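Below, each chain spelled out in residue letters.
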Amino acid sequence: MKKKVAFVCIHNSCRSQMAEGWAKHLGSDVLEVYSAGTEDYHEVKPLAAQVMEEAGVDMSGHYPKLLTDIPEEVDILVTMGCGVVCPFMPCNHEEDWGLTDPSGGPIEDFRQTRDLIKEKVENLIDRVKKGEL
């Protein structure tokens, strides 16, 4: 049975979107993946989508979602490190990845964030497969 994971930040426009993209790309066999934000936003950051495309992850169908757009209860809740305080969201495991937001910076910052997120998603998938989460 797949674990439900939600990646959450403020706008669901960059880091949480990249995490959703990587988790679906790398872990769809063990994860049911969602991402959301605590505040409304109008688009996925174009540079976030661009650097994911460079890595072979299609984000053309991604759009910002709010917490009300995803399941009320998940197995794993991951916040991105944006100081966001989520309203209570029932989960079995919660962690914060402490990632700096590359928004407003050069494309290289987005690439570095993309690669950090990939490593963290791979680690998460590994822990799920080992039954640690």
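Above this text sits the structure in question.
Chains are numbered independently. Their residues run from 1 in the order of the written sequence. The model is predicted, so local features are restricted to residues of pLDDT at least 70 and side-chain atom pairs to those at 80 or more, both for listing and for counting; the totals for chains, interfaces and linings are taken over all residues. The basis for the side-chain values is all heavy atoms of the structure; hydrogens and waters are excluded.

1. Some thoughts on the overall build of the protein chain
- Tallying secondary structure elements over the protein chain gives 3 helices and 4 strands in all.
- Projecting the C-alpha coordinates of the protein chain onto the three principal axes gives extents of approximately 35 × 30 × 25 Å.
- Across the 133 residues that make up the protein chain, the buried fraction comes to 45%.
- Any two residues whose heavy atoms approach within 4.5 Å at even a single point are treated as in contact. The long-range share in the protein chain, meaning contacts at least 24 apart out of those at least 6 apart in sequence, stands at 71%.
- Only the protein chains shown count as cover for residues, with accessible areas throughout obtained via the Shrake-Rupley method and a probe of 1.4 Å. Carbon together with sulfur atoms contributes 47% to the accessible area of the protein chain, which is approximately 6,700 Å² in total.
- Side-chain charges of the protein chain comprise 14 positive and 24 negative groups, with the mean position of each set lying 4 Å from the other. By the criteria applied, helices consist of DSSP H or I runs no shorter than four residues and strands consist of E runs no shorter than two, each listed in order from the N terminus. Here's how the labels work: a residue is buried when its accessible area is under 20% of the maximum for its type, exposed when over 50%, partly exposed in between, all with a 1.4 Å probe on protein chains only. Lys and Arg are tallied as positive, Asp and Glu as negative. Neither His nor the chain termini are counted. Where a charge lies is defined by one atom per residue type: Lys uses NZ, Arg uses CZ, Asp uses CG and Glu uses CD.

2. As for the sheet that holds strand S2 (residues 31-37)
- Strand pairing is assigned whenever DSSP detects at least two bridges linking the two strands. Spatially, 4 strands are ordered S2-S1-S3-S4 in an open sheet, and the strand pairing comes out parallel. Whereas interior strands pair on both sides, the edge strands pair on one side only; in this sheet they are S2 and strand S4 (93-96). Sheet twist, expressed as the average angle between the axes of neighbouring strands with direction ignored, equals 20°.
- As paired strands, strand S1 (residues 3-9) and S2 are joined by 7 bridges and run parallel to one another. Bridge pairing in S2 places lysine 4 opposite glutamate 32. Comment: axis = line fitted to C-alpha atoms, over the contacting stretch for helices; angle = value between 0 and 180 degrees taken between N-to-C directions.

3. Describing the side chain of asparagine 12
- Residue position: asparagine 12 is located in the loop between S1 and helix H1 (15-27).
- Classification of asparagine 12 by relative accessible area gives buried; the value is 0%.
- For the purposes of these results, a polar contact is taken to be a pair of N or O atoms within 3.5 Å, where, inside protein, one atom must be able to donate a hydrogen and its partner to accept one; residues adjacent in sequence count only when each atom of the pair is a side-chain atom. At 2.9 Å, the side chain of asparagine 12 and the side chain of serine 16 are in polar contact.
- A distance of 2.9 Å separates a polar atom in the side chain of asparagine 12 from a polar atom in the side chain of serine 35.
- Apart from residues no more than four positions distant in its own chain, asparagine 12 is found in contact with Gln17, Ser35, Ala36, Gly37, Tyr63, Pro64 and Lys65.

4. Topic: the packing of helix H2 (residues 46-54) against helix H3 (residues 107-129)
- Where H2 contacts H3, the two axes come as close as 9 Å, and the packing angle between them is 60°. As the angle between them shows, H2 and H3 are arranged oblique. With respect to the hand of their crossing, H2 and H3 are arranged in right-handed fashion. In this structure, H2 uses Leu47, Ala48, Gln50, Val51, Met52 and Glu54 to contact H3, whose residues at the interface are Ile107, Phe110, Arg111 and Arg114. Angular relationships are summarised with four words: roughly parallel below 35 degrees, roughly antiparallel beyond 145, roughly perpendicular across 65 to 115, and oblique for the angles in between. Crossing handedness is defined as follows: a turn of the near helix away from the far one that is anticlockwise and smaller than a right angle gives a left-handed crossing, while the clockwise case is right-handed.

Read these as geometric descriptors, not functional statements.
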